[in-house]
Structures are given as structure tokens and as C-alpha cells.
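# Commentary on secondary and tertiary structure
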Amino acid sequence: MHLCQVAPYVTYPPRMGGDHRTHGLVKEFPVEGDTVVRYCQGGSPAMYKSLDLRRRVQITDGYEERRHLHPLHEVIKAPMLLGYPNLLASHALRLASDGLDEMLADADVVLAREPWQTPYILDHTTEETPVVFSSHNVETERFGDIHQPLFDEHVEARVDTLERRSVEESDAIICTSDRDARVYREQYDPGGPIIVAPNGTYESALREHRPNSDGAIQVRERYDIPSTATVCLFMGSNYKPNVEAAEATVDVARRMQGAQPQVHFLIMGSVGNALDESSLPEHVTTTGYVEANFEAHFDAADIALNPMLSGGGLTSS
């Protein structure tokens, strides 16, 4: 089988949660003798920061990422910096697609990440080629209460249109949870089966917890965390579902003020930028974006938190 995966930006090596899911869904196909080629509509900040301007990346035998680094694709992503969805992705492909049509024609199956590019894919594949919609979130929920000037109703309507077409016209859907599957069935009329594939991790990424390592000790010292305190860690980037979870973490922390033995809450990543630093309890620390000694923060933690209320990181427990 030859699978064509379409992503909104460079994915490999995976850095963010969406990248890991995009890569994780297909990484085992070449092991089974299938081939995977991924089209990326533009680059990513990490890619440009590293000056990695390769147009083709051979990830492994039978697995390749092709990057269309066109200025148009970078310009249309600018509204995302203000919290808007990537509404113009499909329109941009009609002006600049650089080989995508050939990739779609060669594919036995097309896997499209999120609804932003799906209209173009549905319009440029034959009826004989199955299109699978890979959902990372229920986007109408994620952007349903967007509070940006001028375009609130327009944005909500456009997101609904894109997600509706992706769900109803694709041959199958892959989503992250039973809850998301239920929402799709209640809100739309799915055109095919819904497959639930929860987020996970790579076995190769698992390692021993090293709480007494020099890095872990340095992390505790940097944030003035008592050596005897139990450290609870939540990590995320700055977008709505993670902000909700960070606020839930702070609520838990407030209820545990004065607890003995001591408990310290560490909120790691850019999600901390969305919190009002002046209102946080003393035993809550936000780190901001972390690059140096990233894994040491995990070693310094005793408990990992995942208080997700919405979005693709939602657990079933």
C-alpha cells in the first residue's frame, strides 16, 4: 500500500504534540512493507530556527517527508499567531501545491491531518482513492468561543463548514477519543467509520526516572522548590485546551495550600504565559518555554498531571 499523508507544516522530527501524532500514526507502516510519503504545506518555526531547509527528508526506508516551502504558505499562517485557525490552507493549495496532485494520484490511501486542507484533497482525489480524515481535536469546540475582533461569527461558521465537509465526505475518520467520536456522530453525519486512536508515546522514548540526577537537583534549585516537596508537573503549549488544564492545575494547587508534606506545582511550557502570574499561589511555578534541560524537569517531578477538559489530550479515565 502507498499512503500519502498531508500535513499543514513540517512534522519531522516531531516536537509538538500534533507532530508526534502525525508521525506516530504512520511510522509503523514501512515496517509492514508499505510506503508513506508526507506532503508538508510550509515549514515550522523550529525548522527555520535550525536552518534546516531541506525539501525532502528520508525518515526511513519507505517513509519520506516532502516540504513545500513556499512564501504563500507561511503568510497564510500569520493569523494563527493571534489565535485564529488555519482557514486559508486549502485556498493556498489551489495557488501553490508543488507536486501534491501527483502524490495524490499515486496514492492508494490519503490521510489528511485536520480539516484545513481537506477540501482541496477531496476535490483532487479520484472516487476510487479513499480519503481518511485525521482529527486532532473537535475544531468547532476548540475555536467555538474565539474572542478576536471583527471575525467571531465568520470564523466559527467557516470552521464548522470545513469540519463538516471533512467528517461527512471522507471515507473514514481517525480521532483521539470516544468522546470526539460521539460529538462527530451527534453534530454531523459521518461518511464512513470512525476509528478511535488515542494519543500515546513511543516505546523507544521511555526511560528511567532520575530524581537524584544533577539536572533534577538544578531544576529544583532554579525554581526554589524545597528538596522535600512533592513536585506535580503539567506541561503544555499556549492554546485553549492546555490553558483550561493549567487553570485546573492552579485550582487544585489553591486547595492544597498549606498541605503537609509540602506539594509544589510546576507548569512547564508556554501555557504558563496565559496565566496571571501575580495571582498564583507561592507553591505554583511557571517555567515558560523550556529547551535547555528539558528532560531534567521530568526527573525533578514526582507526579505527572493531565487535567485536560477538552482537546486531543483528553484522557478517557
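Coordinates for the structure precede this section.
Within any chain, residue numbers begin from 1 and follow the written order of that chain's sequence. Local features in this predicted model are restricted to residues whose pLDDT is 70 or higher, and side-chain atom pairs enter the listing and the counts only when it is 80 or higher, whereas totals over whole chains, interfaces and linings include all residues. Neither water nor hydrogens contribute to the side-chain values; these are computed over all heavy atoms in the structure.

### Some remarks on the overall build of the protein chain
We apply this condition: A run of H or I in DSSP counts as a helix once it spans at least four residues, and a run of E counts as a strand once it spans at least two, with each numbered from the N terminus. Values of the radius of gyration come from C-alpha atoms, whereas the globule rule sets the reference at 2.2 Å times the count of residues to the power 0.38. Relative accessibility thresholds used throughout: buried, under 20% of the residue-type maximum; exposed, over 50%; partly exposed, between the two (1.4 Å probe, protein chains only). The contact criterion used is simple: two residues touch if any of their non-hydrogen atoms lie within 4.5 Å. Where accessible areas are quoted, they stem from the Shrake-Rupley method and a 1.4 Å probe; at the residue level, only the protein chains shown are allowed to cover.
Scanning the protein chain from terminus to terminus reveals 12 helices and 12 strands. For the protein chain, the C-alpha radius of gyration of 21 Å lies close to 20 Å, the compact-globule estimate for 317 residues. Of all 317 residues assigned to the protein chain, the portion counted as buried reaches 48%. If you take every contact in the protein chain between residues at least 6 apart in sequence, the share linking residues at least 24 apart comes to 66%. Summed over its atoms, the accessible surface of the protein chain is roughly 16000 Å², and 52% of this surface lies on carbon and sulfur atoms.

### Some details on the environment of Q260
Looking at the secondary structure, you find Q260 in the loop between helix 11 (240–255) and strand 10 (263–268). Sequence-wise, Q260 and A229 are 31 residues apart; in three dimensions their C-alpha atoms are separated by 9.0 Å.

### Describing the sheet that holds strand 12 (residues 303–304)
Applicable threshold: Between any two strands, at least two bridges found by DSSP are needed for them to pair. Only the stretch in contact is used when a helix axis is fitted, and all axes are lines through C-alpha atoms; the angle between N-to-C directions ranges over 0 to 180 degrees.
The four strands lie next to each other as 11-10-9-12, forming an open sheet whose pairing is parallel. Of all the strands in the sheet, the pair left with one neighbour each is strand 11 (284–288) and strand 12. Bridging between strand 9 (residues 230–235) and strand 12 involves two bridges; their strand directions are parallel. Opposite L233, over in strand 12, you have A304 as the bridge partner. Helix 11 contacts strand 9, strand 10 and strand 11 of the sheet and is inclined by roughly 165 degrees relative to strand 10.

### A short note on the side chain of T22
Position of T22 among the secondary structure elements: in helix 1 (residues 17–26). With a relative accessible area of 1%, T22 lands in the buried category. In this structure T22 touches Q5, A7, T11, R38, R113 and H136, once residues within four positions along its chain are discounted.

### Digging into helix 9 (residues 178–187)
For clarity, the threshold we go by: This arc corresponds to the set of directions leading from the helix axis out to the C-beta atoms.
Within the sequence span of helix 9, burial applies to D180, A181, V183 and Y184. The arc that holds every buried residue of helix 9, seen down its axis, measures 160 degrees, which confines them to one face. Exposed residues lying more than 90 degrees from the buried face of helix 9 are D178 and E186.

### Section: the state of the cysteines
The term disulfide refers to a covalent linkage connecting the sulfur atoms of a pair of cysteines. Defined as follows: Disulfide: a pair of cysteine sulfur atoms within 2.5 Å of each other.
Considering all chains together, one arrives at zero disulfides under this definition. Here C4 is not cross-linked by a disulfide; its sulfur's nearest cysteine counterpart is in C40, at 10 Å. Note on C40: relative accessible area 0%, which makes it buried.

### Structural notes on the sheet that holds strand 8 (residues 194–196)
If you trace the eight strands from one edge of the open sheet to the other, you get 3-4-2-1-5-6-7-8, paired in mixed fashion. Each edge of the open sheet carries a strand with a single partner, namely strand 3 (56–60) and strand 8. Across the sheet, the axes of successive neighbouring strands diverge by a mean angle of 20 degrees, strand direction being ignored. Sitting on the sheet, helix 9 touches strand 6 (131–134), strand 7 (172–175) and strand 8, and the angle it makes with strand 8 is about 165 degrees.

### Quick notes on the pairing of strand 9
For clarity, the cut-off: Whether a crossover is right-handed comes down to one check: with the strands pointing away from the viewer, does the path from the first strand over the helix to the second run clockwise; if it does, it is right-handed.
Bridge analysis of strand 9 against strand 10 gives six bridges, and the strand direction is parallel. The residue bridging M235 from the neighbouring strand is M268, located in strand 10. In terms of handedness, the path from strand 9 via helix 11 over to strand 10 forms a crossover that is right-handed.

### Considering a nonpolar patch on the surface
Operational definition: Here, patches come from residues exposed beyond 30% relative accessible area and free of salt bridges, joined within 9 Å for like charges and within 5 Å for nonpolar side chains (Val, Leu, Ile, Met, Phe, Trp, Tyr). Within this document, salt bridges are pairs made up of a side-chain nitrogen of Lys or Arg and a carboxyl oxygen of Asp or Glu, the two lying within 4 Å of each other.
A cluster of nonpolar side chains, contributed by M235, F294 and F298, occupies part of the molecular surface with about 240 Å² of accessible area. Positionally, F298 belongs in helix 12 (residues 294–300). On the basis of relative accessible area, F298 is assigned to the partly exposed category, the value being 31%.

### Description of the pairing of strand 3
As paired strands, strand 3 and strand 4 (residues 63–68) are joined by four bridges and run antiparallel to one another. Bridge pairing in strand 4 places V57 opposite E65. As consecutive antiparallel partners, strand 3 and strand 4 are separated by two residues, and within that stretch G62 has a phi angle of approximately 80 degrees, a positive value.

### Topic: helix 1
Side chains of residues three or four places apart in an α-helix project in the same direction, reflecting 3.6 residues per turn. Among all positions in helix 1, only G18, D19, R21, T22, H23 and V26 are buried. Buried residues belonging to helix 1 abut strand 1 (2–7), strand 2 (35–41), strand 3, strand 4, strand 5 (109–113) and strand 7.

### Here we look at a negative patch on the surface
Note the threshold: Positive: Lys, Arg. Negative: Asp, Glu. His and the chain ends are not part of the count. To locate a charge, the coordinates of NZ of Lys, CZ of Arg, CG of Asp or CD of Glu are taken.
The grouping of D98, D101, E102 and D106 at the surface amounts to a negative patch. Residue placement: D98 occurs in the loop between helix 4 (89–95) and helix 5 (100–106). Judged by relative accessible area, D98 falls into the exposed class, the value being 52%.

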